[in-house]
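Examination of the molecular architecture
These are the residues of each chain, in order.
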Amino acid sequence: MPHVVFIAPRFLENTNRYVRAFAALDITLSLVSEDPAEAIPAEVRGRVAGHFRVLDSLDSAQLIHAVRAISGSIGRVDRLAGVLEQLQLPMAEVRDAVGIEGLTSAIARNFRDKDRMKEVLRSRGVPVARSVLATSRDELVAFVAQVGYPVIVKPQAGLGSRATFRIESDDELAAVHSPTPGQPIQVEEFVRAREHTCETVTIRGKPVWRSGTRYFPSPLEVLETPWIQYSVLLPREADDPTWTSFHPINGDALTALFADQASTAAGTALTHMEWFLREDGSSMVNEVGARPPGVQIMPLMNITHDMDMFTGWAQLMALDTFTPRPRVCAAGSAFFRGQGGGRRIVAVDGVERAVEECGDALVEMRTPKVGQQRVDTYEGEGFAIVKDATTEGVKRALRALIQNVQVRYG
Ligand SMILES: Nc1ncnc2c1ncn2[C@@H]1O[C@H](COP(=O)(O)OP(=O)(O)OP(=O)(O)O)[C@@H](O)[C@H]1O
Ligand SMILES: [Mg+2]
């Protein structure tokens, strides 16, 4: 029986879905967390062979210590898994140090470092936006002179579109803090396009299953435009060429990023690739995470394929197996985000009307609550998940949600 260590920084709702999924497998399961052992969900506690508490689950030195302690008491660790984007590099460092099969830090950096990712893809002929990691103002200005406005500036290892801006003019460029070798800035040509995702299951480098979504509108537009609420659509048609025509690029990109380790356990993954589709029909890779997707895409994949992707991912990570499922319907998620100034929600309107208009399409709804603290992300303070037999039905339901539900800060 393989021994799997899962890193669950805190035993929160989403993380616990994965904990339960691993606990249901025929494996020896150990956990590393910042929370104490008492916080492990009661129903799985009996299934947990080893537990080690760390102060900071993103600190690879602490993780190495924890995994060594667990292997000392329980036995050799065969796999190390965790969901968070920020965990991927520290976990890879642990694998390197302790000698665990899977994503090594050399490969994890291909996914985590946006500059390196683009270089690797470009060198293998995968289409990506022109970009540079600027370490001085001169480099920043020279790049803009080459590609023209607008450009996008973002952190080298970004997340949640934080500190990501569209720069339209010399004045705006002057307001960007000057990059330094210690604090470089990733700068990219601005791609005018629709944003899609491609979720791919690979086993030892071979794609065995794909799904995909479209973002309405793009995460950056959501953050730039205070009144916009964000939604994600997973269409009914698994063979829609809008998505499938990207698959060869997706395959090439993953082969490039997994590099010489594609055929090892490093190439066994669920990846979440964001990609641009331009008006002329051409596509480009934006970025790739070697981890399960966020923005409710996991539940959307479950609904549209009548499966449990949390278990599917656990099985993939622990046992190198995956059972592909066909698509049976369309689904989508809508994110409720407040408008106005202020740090707290003071009003939530239009919920009843939205629910009524959604009808049977509504699967789950977490409405933001008055008094709830403002969060400055495109995911906002609440969400709803909808499904329908048709893609059009899901679009209608998503529209009903984001047009009716209004959240105000004050
Ligand atoms: N070169 C580009 N051209 C146009 N828009 C871009 C470009 N790069 C990023 N964006 C916009 O900014 C958003 C965030 O960028 P990116 O995905 O690279 O960073 P992130 O912080 O890792 O994102 P996430 O929100 O997925 O965690 C993208 O979803 C897109 O809307
Ligand atoms: Mg992104």
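Residues numbered from 1 in each chain as written. Chains lettered and ligands numbered in written order. Predicted model: local features only at pLDDT ≥ 70, side-chain atom pairs only at ≥ 80, totals over all residues. Heavy atoms only, no water.

1. What about the sheet that holds strand β19 (residues 406-409)?
Strand pairing in a sheet is mediated by backbone hydrogen bonds. Such pairs are either parallel or antiparallel. Heads up, the condition is: By the convention used here, strands pair only if DSSP detects at least 2 bridges between them. Only runs of H or I of at least four residues qualify as helices and only runs of E of at least two qualify as strands under DSSP, and these elements are numbered from the N terminus.
An order of β15-β19-β16 is seen for the 3 strands of this open sheet, with the pairing classed as mixed. The open sheet terminates on both sides in strands that have one partner only, identified here as β15 (338-339) and β16 (345-349). By the bridge criterion, 2 bridges tie β15 to β19 in an arrangement that is parallel. Note that in β19 the partner of Q339 across the bridge is R408.

2. Structural notes on the coordination of the magnesium ion (ligand 2)
To keep it simple, the criterion reads: Sites may look incomplete, because water is not among the atoms used; the donor set itself consists of N, O and S atoms within 2.8 Å of the metal (3.2 Å for Na, K and Ca). Burial status follows relative accessibility: with a 1.4 Å probe on protein chains alone, a residue under 20% of its type maximum counts as buried, one over 50% as exposed, and anything between as partly exposed.
The coordination sphere of the magnesium ion (ligand 2) contains the protein donors E274 (OE) and E287 (OE), at a distance range of 1.8 to 2.0 Å. One end of the pair, E274, is in strand β12 (residues 269-277); the other, E287, is in strand β13 (residues 283-289), with 13 residues separating them in the sequence. By relative accessible area, which is 9% here, E274 ends up buried.

3. Side note on the site of ligand 1
The criterion, for reference: A molecule or strand has a residue near it when one of that residue's heavy atoms lies within 4 Å. Polar contacts, as counted here, are pairs of nitrogen or oxygen atoms within 3.5 Å of one another; within protein the pair requires one atom able to donate a hydrogen and one able to accept it, and residues that are adjacent in sequence qualify only if both atoms are side-chain atoms. Classification used: nonpolar for Ala, Val, Leu, Ile, Met, Phe, Trp, Tyr, Cys and Pro, charged for Asp, Glu, Lys and Arg, polar for all others including Gly. The split into domains, and so the bounds of each, comes from an automatic or database assignment of domains.
Lining the immediate surroundings of ligand 1 are 21 residues, of which K114, K154, G160, E195 and Y378 lie closest. Between an oxygen atom of ligand 1 and a side-chain N or O atom of E274, the distance comes to 3.0 Å. A distance of 2.7 Å separates an oxygen atom of ligand 1 from a polar atom in the side chain of E287. Every element with two or more residues in the shell around ligand 1 is listed here: β6 (151-154), β8 (185-189), α9 (219-224), β12 and β13. Taken together, the residues of the shell around ligand 1 sort by class into 8 nonpolar, 6 polar and 7 charged. Formed jointly, the shell around ligand 1 draws a minimum of three residues from each of two domains, domain 2 (130-189) and domain 3 (191-328).

4. Section: the pairing of strand β11 (residues 231-234)
On a regular strand, one side chain projects to one face of the sheet and the next to the other, so that they alternate. The side-chain alternation of β11 yields two buried faces, one formed by S231 and L233 and the other by V232 and L234. Note: strand β10 (residues 206-216) against β11, 3 bridges, orientation antiparallel. Counted as the bridge partner of Y215 is V232 from β11.

5. Details of the domain arrangement of the protein chain
The accessible area lost on association of the parts is a frequent measure of interface size. What counts, and what does not: Any pair of residues with heavy atoms lying within 4.5 Å of one another is described as a contacting pair. Take the accessible area each of two parts loses on contact, using a 1.4 Å probe, and add the two losses: that sum is the buried area. Between Lys or Arg on one side and Asp or Glu on the other, a salt bridge is scored when a side-chain nitrogen of the former is within 4 Å of a carboxyl oxygen of the latter.
Each domain of the protein chain was delimited in the assignment, giving domain 1 (3-101), domain 2 (130-189), domain 3 (191-328) and domain 4 (330-410). The centre of domain 1, based on its C-alpha atoms, is set 25 Å off from the matching centre of domain 3. Every contact between the two is made by 17 residues of domain 1 and, on the other side, 18 residues of domain 3. Between domain 1 and domain 3 lies a buried interface of about 1,400 Å² when both sides are counted; carbon and sulfur atoms form 66% of it. Broken down residue by residue, the surface that domain 1 buries against domain 3 is led by Y18, L25 and R79, which jointly contribute 38%. At the boundary of domain 1 with domain 3, the tally comes to 3 salt bridges. The closest approach of N and O atoms between E101 and R204, which form a salt bridge, is 3.6 Å. Where domain 1 touches domain 3, the interface holds 2 residue pairs in polar contact (both at pLDDT 80 or more). Listing elements by their share of the side of domain 1 that touches domain 3, those giving two or more residues are β1 (3-7), α1 (13-23) and β4 (79-81). Class assignment of the residues belonging to the side of domain 1 that touches domain 3 gives a composition of 10 nonpolar, 3 polar and 4 charged.

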